[in-house]
Structures are given as structure tokens and as C-alpha cells.
Amino acid sequence: MEQLAHLYHDHLQVLNRRVSEITSRENLSGLVIHSGQPHRQFLDDLDYPFKVNPHFKAWLPVTDNPNSWLVVNGTDKPLLIFYRPVDFWHKVSAEPTEYWSEHVDIKFLTKADKVAEYLPKDIENWAYIGEHLDVADVLGFTSRNPDSVLSYLNYHRASKTDYELVCMRQSNVIAVTGHQAAKTAFYNGASEFEILQVYLSAVSQGENQVPYGSIVALNENAAILHYTALEQKSPAQRRSFLIDAGANFNGYASDITRSYAFEKNIFDDLITAMDNLQLQIINMMKPGVSYVQLHVETHYKLAQILLDFDIVSGDVQGLVEQGITSVFFPHGLGHMLGIQVHDMGGFLADDKGTHIASPEAHPFLRCTRELDVNQVLTIEPGVYIIDSLLAGLKQDKRQAQVNWNTIDILRPFGGIRIEDNVIIHGDRVENMTRDLGLNR
Ligand code: GLY
Ligand code: MN
Ligand code: MN
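Given the structure is predicted, the values throughout are model-derived calculations rather than measurements.

## Some thoughts on the side chain of Arg-157
Step number 1: Its location among the elements puts Arg-157 in the loop between helix H4 (147-156) and helix H5 (162-187).
Step number 2: Among the polar contacts made by the side chain of Arg-157, one reaches the side chain of Asp-343 at a distance of 2.6 Å.
Step number 3: Look past the residues within four positions of Arg-157 in its chain and what remains in contact with it is Arg-18, Pro-54, His-55, Ile-339, Gln-340, Asp-343 and Met-344.

This is the structure we're talking about:
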């Protein structure tokens, strides 16, 4: 924690420098960043779980306090307007005393609709950054989430500060603890639902605290890319397990996937092959390499695996060009990671907002940017037996290249994904996930 306190100061300086540059470029006095407001459920008196504005938690590890505000201009000490209502129904956030609190001026807001009293008087010169445009309107902001400011912030936040890297390593530490516990639960016969409980309990985070809905899939459910249904009952026969689950530390996400076979068999060998592929792709990462190139290279390596396992026939080039590998690996290689699981900025070529589209053949790729020092990304190749996509192959001559017997053998296992979180350094790639011993 001492290390965090020290690094936080430098982190704030970087954020202040960024605000200084973009506000002078855009002729603004500064930014007013809203943590957010609770969202009420339809015809109810209950709210959905609160999700803080990512631009707010970039400044402070405060993720659970709606109606709070940050006033920053890059020069003055940031002002935190911290919501502390008189409320006997809900928990009121304690007055902050953590390491970060001495670095900001704090004013307490007891009534959400009285915030104007604390905001700058020349509000028309400040930009509102947040979700609630109606609130911004009432407060008199004329500049609300300007594209130029958001592009600038999203582009630069790809480059993590040392403080952020420490947070992300810690987020990996927590998630890896959960993954180890979940793996044991799988081999001990737990159901999907039970495995999730084991995971959450090991990471000591609730379902609304982890950064995304955990994917815990047994057998053929592993082929459903965003499977979150969770069967309560254990399957009669236990074949495979895919877990895609992360954790949250100070608002920073980890996003890790592992795949397991219950027994030694062809599926287990396929996991080994995918594991090697994933490590080879990570080895290719360095500043200046395009993420698109890594994604395309993954398809070539996957084509070779599909041939080696007698899943398809043909040649590597043809399998990629005809879109056959895309049927088995339909999602992107990965994405930027940080205060959001899918951190913004993956498509930005520069801080003015120039967009680099994903290649037409790879529409789900979430990062088209060049790698650079201090970026944090996931690498998550996969291979799945997805009948709805295979049906497309059956429609045309490509079906002759598919070995449908092998498909039938693999179908009950669902699929494989292996996902690590890595940091790009000038001279090496740091694999935060593997460094913690979470191997296959
Ligand atoms: N867990 C979401 C993803 O891997 O991108
Ligand atoms: Mn994931
Ligand atoms: Mn991911």
C-alpha cells in the first residue's frame, strides 16, 4: 500500500498534464467529471447496481459513490465533491482517509441537487464528462462530453501509469486465486453454479463487484461465447470446463480465461496446442507491432492446429482466406484492458480521434491499434464447435474440407479459450497472469 500511495501522486500528475493539454487545446477552463447517478428499475423503488463513470474512477479508487463530482483543470489541486447524504436507508460512504485523499481537496455534498453551489461559477467554460446530459443541461454546461476531449482521454489512457500497472497486477493476483479455486472445484465435481460461488468467495467479491459477468461453462456450454446461464445441476458426464472470470482492484479489471479437460484425451491435447499458440502470439508482442497483425497471425497458427487435429483438410492459406478458421474462432484476439474490461481507445490512431476500423473479415476485433510501451492488453485465442456457424459452412463447397467425424467427437467439449493479461514494456512483455503461476 505504501508503494501505491507513492505512485498515486505521480499518477495524478500524469492525469493533470493530460487535462492541461486537452483543455488548452479546446479552450476550456477544465473538466467536471460526474461519478454518475443510480438507475431506477421500471415501476420499482429499487436501483440497478451502480456502475461508476470510468473517467471518474481513472482519478480515484472510488467506485461506489453516485452523485459525486471531480473538478479538474490540470493546474489546481483536484476538487472532489463527495456525496455524503443524511440517509438512514442506505450506507453512507465514510469520509475518505485513504492514501489518495490528501492529494485532492474534498467538499462534502449532502443533497445531490445542491451541487451547483460547489461547481465553478463560469460553468459554460467547463466541459461536463459523464452520463447524465439532462443534469449537465440543468447545471448550465454547454460543452458535454465533447468528442475531442473523450478521444484525447481515451487515446492516452491506453498508456498506463506505474500506479495503474500495480493495480492491474493486483487485480490479476485476486483473479488467479479465484481461478485456482474454481479449477479444484471443477475436478471435485461441482456444478457451474457451485463453481461460480467458489470463485466469488475466493476473490472475496460479489457478482456486482467483479468487472464483468463471469463465464463458467461445463461441456458443450463452453461453445457459447458469453455463457452466463449457470446450471445448478452437475452434468451426468464431466468433460470440459471453461472459465472466463476477472476481478477488480481499485477499479482496475483483470480478465482471465482458462480451459480444462476432465480426462486426458484429444480435447486435452487441443488445449495444449492452443496454449502453445497463445504463448507464441504473446511472444510476438512489442512496441510498433499492429494488433491486427497479431490477430491475423493467430488465424494462420489456428489453421495449422485444425489441420494437425484432423478437424479440417486443405492448406493454411486457403483455410484463412475462405473464412474457415473464422468459423472456429469467430471473436477477436483480445482488447485493451484497464478501468474498463474493454478499455476504450483500441481503435484510435491518434488523440484527435482518427478511427482505424477492423478488417472486413474480422469485424469483432476490438483493437486495431499499434502496440506501445505501458499498454495492457488481453490475448485470448479460442477454438469452438459452434453449430450455428458450422451450418454456414455446410451451405457451400467448404463443407468438403471439414472432417465432420472429428467435429462430432469434439462437440460435447464445447470449446477452448485461453486468456492472459499482458503489459508491453520497451524490452519485454510482462505476462501478469502467467507470472502468478496460472498455467494450464
Ligand atoms: N470476458 C470478456 C472478454 O474476454 O472479453
Ligand atoms: Mn475474458
Ligand atoms: Mn477479454
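## Overview of the sheet that holds strand E8 (residues 240-245)
Adjacent strands of a sheet pair through backbone hydrogen bonds, lying either parallel or antiparallel.
Step number 1: Strands sit in the order E7-E8-E11 across an open sheet of three strands; the sheet is antiparallel. Looking at strand neighbours, the two that pair on one side only are strand E7 (215-218) and strand E11 (256-261), the edges of this open sheet. Across this sheet, the average inter-strand angle for adjacent strands is 5°, counted without regard to direction.
Step number 2: Looking at chain direction, E7 and E8 are connected through four bridges and run antiparallel. Counterpart to Ala-217 in the pairing with E8 is Leu-242.
Step number 3: Of the strands in this sheet, E7, E8 and E11 are in contact with H5, which crosses E11 at around 20°.
Step number 4: Each of E8 and E11 is contacted by helix H7 (residues 266-283), which is oriented at about 150° to E11, the strand it contacts most.

## A word on the coordination of the manganese ion (ligand 2)
Step number 1: For the manganese ion (ligand 2), the full set of protein donor atoms is Asp-244 (OD), Asp-244 (OD), Asp-255 (OD) and Glu-419 (OE), and the range of their distances to it is 2.0 to 2.4 Å.
Step number 2: What the six donor atoms of the manganese ion (ligand 2) show is an angle range of 57 to 171° at the metal, which sorts the shape as irregular.
Step number 3: Coordination of the manganese ion (ligand 2) draws on donor residues from a single chain, spaced D-x10-D-x163-E in sequence.
Step number 4: In this structure, the manganese ion (ligand 2) lies 3.3 Å from the manganese ion (ligand 3), and both are coordinated by Asp-255. Of this pair, Asp-244 sits in strand E8 while Asp-255 sits in the loop between strand E10 (252-253) and E11, and the two are 11 residues apart along the sequence.

## With respect to the pairing of strand E3 (residues 79-83)
On a regular strand, one side chain projects to one face of the sheet and the next to the other, so that they alternate.
Step number 1: Counted residue by residue, E3 has five buried out of five residues, so it is predominantly covered.
Step number 2: Across the two faces of E3 the burial is the same, with Leu-79, Ile-81 and Tyr-83 and Leu-80 and Phe-82 all buried.
Step number 3: Pairing analysis gives three bridges linking strand E2 (residues 69-72) to E3, with the strands arranged antiparallel. Each residue of the ladder has a partner; that of Leu-70, found in E3, is Leu-80.
Step number 4: Counted between consecutive antiparallel strands, the loop separating E2 from E3 contains six residues, among which Gly-74 sits at a positive phi close to 90°.
Step number 5: Both E3 and strand E4 (residues 105-109) contribute to a ladder of five bridges, which runs parallel. Looking across to E4, one finds that Tyr-83 is bridged to Leu-109.

## As for the layout of surface pockets
Step number 1: The space that makes up the largest pocket amounts to roughly 1,600 Å³.
Step number 2: Along the walls of the largest pocket sit 49 residues, with Phe-50, Thr-63, Asp-64, Asn-65 and Pro-66 positioned nearest its centre.
Step number 3: Listing elements by their share of the lining of the largest pocket, those giving two or more residues are helix H2 (54-57), E3, strand E9 (248-249) and E10.
Step number 4: The residue makeup of the lining of the largest pocket, split by class, is 25 nonpolar, 14 polar and 10 charged.
Step number 5: Taken as a whole, the second largest pocket encloses approximately 490 Å³ of empty space.
Step number 6: Lining the second largest pocket are 21 residues, with His-226, Asp-244, His-342, Arg-366 and Glu-380 positioned closest to its centre.
Step number 7: Of the residues belonging to the lining of the second largest pocket, the class tally is seven nonpolar, eight polar and six charged.

## Remarks on the pattern of salt bridges
Step number 1: All chains considered together, the criterion is met by 23 salt bridges.
Step number 2: Across the pair Arg-40 and Asp-47 runs a salt bridge, and its minimum N-O distance is 2.7 Å.
Step number 3: A salt bridge links Asp-343 to Arg-157; the shortest N-O distance between them is 2.6 Å. Note that Asp-343 is positioned in the loop between helix H10 (324-328) and strand E12 (376-379) and Arg-157 in the loop between H4 and H5, a separation of 186 residues in sequence.
Step number 4: What makes Asp-343 buried here is its relative accessible area of 7%.
Step number 5: Taken together, the shared-partner salt bridges in this structure form one network comprising Glu-21, Arg-25, Asp-351 and Lys-352.

## Description of the site of ligand 1
Step number 1: In the neighbourhood of ligand 1, the contacting residues comprise Tyr-212, Asp-244, Asp-255, His-335, His-342, Glu-380 and Glu-419.
Step number 2: Taking His-342, its side chain carries an N or O atom lying 2.7 Å from an oxygen atom of ligand 1.
Step number 3: Within the contact set of ligand 1, an oxygen atom lies 2.9 Å away from a side-chain nitrogen or oxygen of Glu-380.
Step number 4: Notes on ligand 1: free accessible area 200 Å², of which the protein chains cover 91%.
Step number 5: When atom positions are compared with the pocket grids, ligand 1 is found to occupy the second largest pocket.
Step number 6: The class makeup of the residues in the shell around ligand 1 is one nonpolar, two polar and four charged.

Calculation criteria
Residues numbered from 1 in each chain as written. Chains lettered and ligands numbered in written order. Predicted model: local features only at pLDDT ≥ 70, side-chain atom pairs only at ≥ 80, totals over all residues. Heavy atoms only, no water. Helix = DSSP H or I, 4+ residues; strand = E, 2+ residues; numbered from the N terminus. Polar contact = N/O pair within 3.5 Å; in protein donor to acceptor, adjacent residues only side chain to side chain. Contact = heavy atoms within 4.5 Å. Pairing = 2+ DSSP bridges. Axes fitted to C-alpha atoms, helices over the stretch in contact; angles between N-to-C directions. Donors = N, O, S within 2.8 Å, 3.2 Å for Na, K, Ca; no water. Tetrahedral: all angles 85-135°; square planar, octahedral: opposite > 155°, others 65-115°. Buried < 20%, exposed > 50% of the residue type's maximum accessible area, 1.4 Å probe, protein only. 1 Å grid on protein atoms, 1.4 Å probe; cavity = no way out; pocket = protein on both sides within 12 Å on 5 of 7 lines; lining within 4 Å. Points joined across faces, edges and corners; volume = space filled by probe spheres on them. Nonpolar A, V, L, I, M, F, W, Y, C, P; charged D, E, K, R; others polar. Salt bridge = Lys/Arg side-chain N within 4 Å of Asp/Glu carboxyl O. Near = heavy atom within 4 Å. Areas by Shrake-Rupley, 256 points an atom, 1.4 Å probe, with all protein chains shown as cover. Sits in = over half its atoms within 2 Å of the grid points.

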